[in-house]
Each structure stands twice: as C-alpha cells, then as structure tokens.
Amino acid sequence: MDVKRSDLDVHLGKNSFFVATNAIVTKNQKQGNCAEILPNGKLCRTDKDCEKGFSDQHSHGVQTGACVKLEILKKTCEVTAWCPIENKKNPRPALLAAAENFTVMIKNNIRFPAFNYIRRNILSEMKDTDFKGCIYHRYKNPYCPIFRLGDIVAEAKEKFSEMAVEGGVIGIQINWDCDLNRFFHSCLPKYSFRRLDEKESNRTLYPGLNFRFARYSTVNGVEQRTLFKMYGIRFDVMVFGKAGKFSIIQLIIYIGSTLSYYAITTIFLDWLIGTGCYSKEAKQNYTERKFEAVQDREECFLCVSFVDEDNLRVVKKSRKKRLQETKPLSLHQRKNELASMKTLLSVLQCGQSRSEPVQNGQSGGLIVDENLSSRHNGRQNPDTPLLETIQSSSPTWCQCGSCRPAETLQEQLCCRLKKGRCITSSPIFSSLIVSRSVLENALFFVDPLAELHEESQLRHGAYAQFIRWRFGDSTPRDALPVIPSCCIWRIRAEYPSPDGTYRGLRSFQVITSQTEVNR
C-alpha cells in the first residue's frame, strides 16, 4: 500500500495509516514544582489540605504538601512534574482541518490459489494518463485507486470537520467477487466505507483517537521538552474476496449428492426395474426384498362372540376401555359352516369311542345330526341345562360369575353380554373343549404322527377347539378372536402350566390359515 504523505501528518501501519488532524502543543516543559490543574488537582485553602507524597493515576505528579495559587480565586496542591502542565482542552476547529483535501493511493493484490489467479486493484487496462486527475467516485470513477480523505469520510456518512477535532477510525473495505469463467470473466474491486469506533462522547470514555509524543532538548544545561498530543483519523484497509469457476467434476459431485439427499436415486431404480429391461422374476424378487408385510400392532381388530348374542362383533383395540365394554365397529352374522361342525362332531364321536367300551359291535358315540350346527353355532338353547358357577370374587365386568381379574384391558372379557349362566357349564363345552380324548384326536387329525408329552399341547388345542366352535375357520375383517376369561381359566384348570405362568393374549400374532391365540 502506497500513500502520498507528509512526515508530520501521516503515519503508516500494517494495512492502515494515520492522518493527524488536531494537536495540543505544550512548549518548554521542565521538571519542577507547579500547581496541579483541574479536574485532576485537589482544591485547597492551606497546606494542611494537601498530603505530601500522594499521587494517583490521574495526577501529573507527586504532591509536595504545599497549597499554591492556580488561578486568581483558586488554589490546588502543588506537584512535582513537567511544568507547565498540559492543557486539557483540544482546539476547535481542528488545527489541521485542511487534511480533508489529502489524497491517498491504495494498492491491493489478491490471489486465489485454487485457481492460480492473481489480480490487482490497479487494473491492467489503466494507463498513466488515467491517473492524472483521477479521484475515486462511487458512480463516475468507481475503480480509481486514488482517494480523497474528505470523500472517504463522507462515504462513511460522517463530517470531516467534526471528526477531525477528536479523531476516529474509518474502515476501507475492498470486496472482490470474481467470476473466472472464460466467457463470463469478471473480477473487479468494489469499495465501501464505514466508521469503526463509537463517536458519541456520552456513550464512551475518551472518545476519538489520539496519542502523545515529545521532543527533548537541552538549554543552558537544563533538559526541557515540547509535548505533542496528536488527534487524527486512522484508516484501516480490509480486503474480502471470493472466486468461482465452472467445473464438470464438481457439477457431477453436486448432482450426485443432491439425488442421494432427496432419494431420487431410489425412485429412478424403481422406475428402471419396472420397465421391460428386467424379467418378471427379477421384478418379483426386488419387490419381495424391498417390502415386508407387517401388521400394525396399534391398529389391531379383535373379534368377540357372546353366548347370548347371535352376531360376531368386530371391535378396535382400545387403550382406555375394557374389551367387555368396547363398542363394536361392525356386527356380522355367524357363518353356517356345516362341514366344519361335522368334522368337530366326528372328532367328538371318535373321542368317546376311545373312552367307552364297544357293546354288540356298535360304538356308543354321538349320532351326527345336521341340525346340531344350528344349535351349537348360535345362541345357547334355553332348554339346555347350564350349571351355575357364581363366584363372589368375580370382577365387576363379569356377567357369568366365573371370570377372574385380568391385567390387560383386552383380556377383560366375559362369555355373556348380560347377566346369566356361564358357557363353561354347558355339557357341550365339557365334551368338545376340555375332553382329553377329543383333544388328542383333534391333534392327531392335524398331525397323525404328533407326540403328546406336554399339557400345553392340549391346552392350546382346547383354545383352537373353542375358536373353531364359536368363530369358525375365519373371522370378519381378519380380526383376532378373543376367548372369554371364564373359558380360559376353565381350560387352564384342566390343563395347567407346570410353573403356573401363562403368556396371555398376544394380539399381534396372526396366521393366515388359522388364527391362534397363545396363552
């Protein structure tokens, strides 16, 4: 950076320069005793008001203990210092206000190592004749590197005459915004100016900018000095720059990262595989690996069957209400599955034939009647004898008196909708659901080579028997059938768990061919 300057008025620094605009000059100071000036000095009347040897950071010297005359009506404590003491009042207007017309040439080089590019603010197309009479102007001459100090201060929205009294700091910003592409090449400096210090005297202590220096001499063997307190404006040059250039590699990287971020790649692959470029087997394999069919545990539908109601109820799993009290989403008529009922009765007949002796070559089994399906698939016949099993400890939601308390809301279900006899007291329940021989034959019917060595097999078989009896082979809307509490504990009483623990209702396990409830 080059500056036209006078040795008295301009001082250079790193990326900055200082121009003196005002001064307080105290001539012929000698070391001696003199009255302290106000406001640093202490007013006094007699020597008793002054403390010998006292000094602080605001005083000009050490007190001698004497009270001497400062002005006609005022006295202050005497100090040992350079006398006469400097006057605190700075001149108005500024002594060097003519510095407003000084000019300064600023040279700036900027380098972008990524592109191996160097640029100067003295443009290559400029000639020597262009600098004659060249002064920066925002609109008329925005690229001239010669600046008038008054114009710089004016661009910062300040008045040079006011700022010159106490001084201050002005920032000169050079901003480079370069486009280095061949066809759109542009790299020119842009200048801006602003004040950097606080100019209001009532908002800060010691406003402005100043410094002191002295010039010493010896006269008649006595050392003396001239003290200068200089006020001025410091100009700080700040450079900012950025440059860009098109690169096909960077463009590909940017597009790739953008596609990955927005998952467009996945959409493109789905479209590509869906076209005729791939075989049907490849498409099917891709679909099976990409998607996995799961059942939402929260959106679970349950199926309920009451012995005193003809319809099957489909309800939604609730977190606040008991299953016994949950309102149905829909009601469905029971399916008259005659073939399924005949199979159950055949199993029942085979179970009884194993447990009863054969007389006269005839079995004592049940006779299959096609009308049995309507009697056992619907509401209980009032003429069928049901044994009362009322328990005083049954929960409030129980209507048959045989249920037990349950922890989860989905297990709080009775076999009846209203007060009445329990379905477990029906003879068909004992013969069809909990009969060991019937359950064994039912298990062998499914798996002829099954090995029965655990009570849990019979217990789970009893659950499946009850579901086929009361719900059929399928439920409406693929809802999960729920067995009433009284029936569960009746089955558990016949086929208990060795350790007394049961898994309870698992409402999310659904099998396509046959719905099972593992307890």
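Residues numbered from 1 in each chain as written. Predicted model: local features only at pLDDT ≥ 70, side-chain atom pairs only at ≥ 80, totals over all residues. Heavy atoms only, no water.

S.K.: Lay out the confidence of the model for the protein in plain terms, naming residues and giving numbers.
M.R.: The predicted model of the protein averages 81 in pLDDT, with 81% of residues at 70 or higher. Of all the helices and strands in the protein, helix H7 (residues 372-377) carries the lowest mean pLDDT, 37, while helix H1 (residues 149-155) carries the highest, 96. In this model, residues 507-518 is a region of pLDDT below 50 whose contacts with residues beyond four sequence positions or in other chains number 27 contacts. (pLDDT = per-residue confidence, 0-100. Helix = DSSP H or I, 4+ residues; strand = E, 2+ residues; numbered from the N terminus. Contact = heavy atoms within 4.5 Å.)

S.K.: Give me the lowdown on the packing of aromatic side chains, citing residues and values where you can.
M.R.: Within this structure, the stated rule accounts for 14 aromatic pairs. The interplanar angle of 65 degrees and the centroid separation of 5.2 Å between the aromatic rings of Phe18 and Phe211 together place this pair among those described as edge-to-face. Here Phe18, found in strand E2 (residues 16-35), pairs with Phe211, found in strand E11 (residues 210-219); they are 193 residues apart in sequence, far enough to count as distant. For Phe18, a relative accessible area of 8% corresponds to the buried category. (Phe/Tyr/Trp six-rings, centres within 6.5 Å; stacked < 30°, edge-to-face > 60°. Buried < 20%, exposed > 50% of the residue type's maximum accessible area, 1.4 Å probe, protein only.)

S.K.: Report on the layout of surface pockets, specifying residues and quantitative values.
M.R.: Approximately 410 Å³ is the volume found for the largest pocket. Forming the walls of the largest pocket are 13 residues, and the residues nearest its centre are Tyr206, Pro207, Asn210, Lys229 and Tyr231. Listing elements by their share of the lining of the largest pocket, those giving two or more residues are E11 and strand E12 (222-244). (1 Å grid on protein atoms, 1.4 Å probe; cavity = no way out; pocket = protein on both sides within 12 Å on 5 of 7 lines; lining within 4 Å. Points joined across faces, edges and corners; volume = space filled by probe spheres on them.)

S.K.: Break down the state of the cysteines for me, citing the residues and quoting the values.
M.R.: Under the counting rule described, the total for this entry stands at five disulfides. Between the sulfur atoms of Cys134 and its disulfide partner Cys144 the distance amounts to 1.8 Å. With Cys134 in the loop between strand E7 (117-120) and strand E8 (146-148) and Cys144 in the loop between E7 and E8, this pair connects stretches of sequence that are 10 residues apart. Its relative accessible area of 7% is what places Cys134 among the buried residues. Judged by relative accessible area, which is 0%, Cys144 ranks as buried. What pairs with Cys178 in a disulfide is Cys187, and their sulfur atoms sit 1.9 Å apart. Every disulfide takes its handedness from the sign of the S-S torsion; for Cys178 and Cys187 that torsion is 50 degrees, giving right-handed. Of the two residues, Cys178 and Cys187, both sit in the buried class. The disulfide pattern of the protein is 1-6, 2-4, 3-5, 7-8, 9-10 when the bonded cysteines are numbered in sequence order. (Disulfide = S-S within 2.5 Å.)

S.K.: So, the packing of helix H10 (residues 455-470) against helix H11 (residues 485-494): which residues are in play, and what are the values?
M.R.: Running from N to C, H10 and H11 cross one another at 150 degrees; their axes reach a closest spacing of 9 Å. Taken together, H10 and H11 sit at an angle that is classed as roughly antiparallel. Of the two elements, H10 crosses H11, and the hand of that crossing is right-handed. Counted together, Glu455, Arg459, Ala462, Tyr463 and Phe466 of H10 and Cys487, Ile488, Ile491, Arg492 and Glu494 of H11 form the full contact between these two elements. For the contact of H10 with H11, a count of residues per class yields six nonpolar, no polar and four charged. (Axes fitted to C-alpha atoms, helices over the stretch in contact; angles between N-to-C directions. Parallel < 35°, antiparallel > 145°, perpendicular 65-115°, else oblique. Left-handed = near helix turned anticlockwise from the far one by under 90°. Nonpolar A, V, L, I, M, F, W, Y, C, P; charged D, E, K, R; others polar.)

S.K.: Could you give an account of the pattern of salt bridges, with specific residues and numbers?
M.R.: Proximity of charged atoms lets side chains of opposite charge pair with each other. Under the counting rule described, the total for this entry stands at 13 salt bridges. A salt bridge links Asp151 to Arg148; the shortest N-O distance between them is 2.9 Å. For Arg313, the salt bridge identified is with Glu309, shortest N-O distance 3.1 Å. We note that Arg313, like Glu309, is buried. (Salt bridge = Lys/Arg side-chain N within 4 Å of Asp/Glu carboxyl O.)

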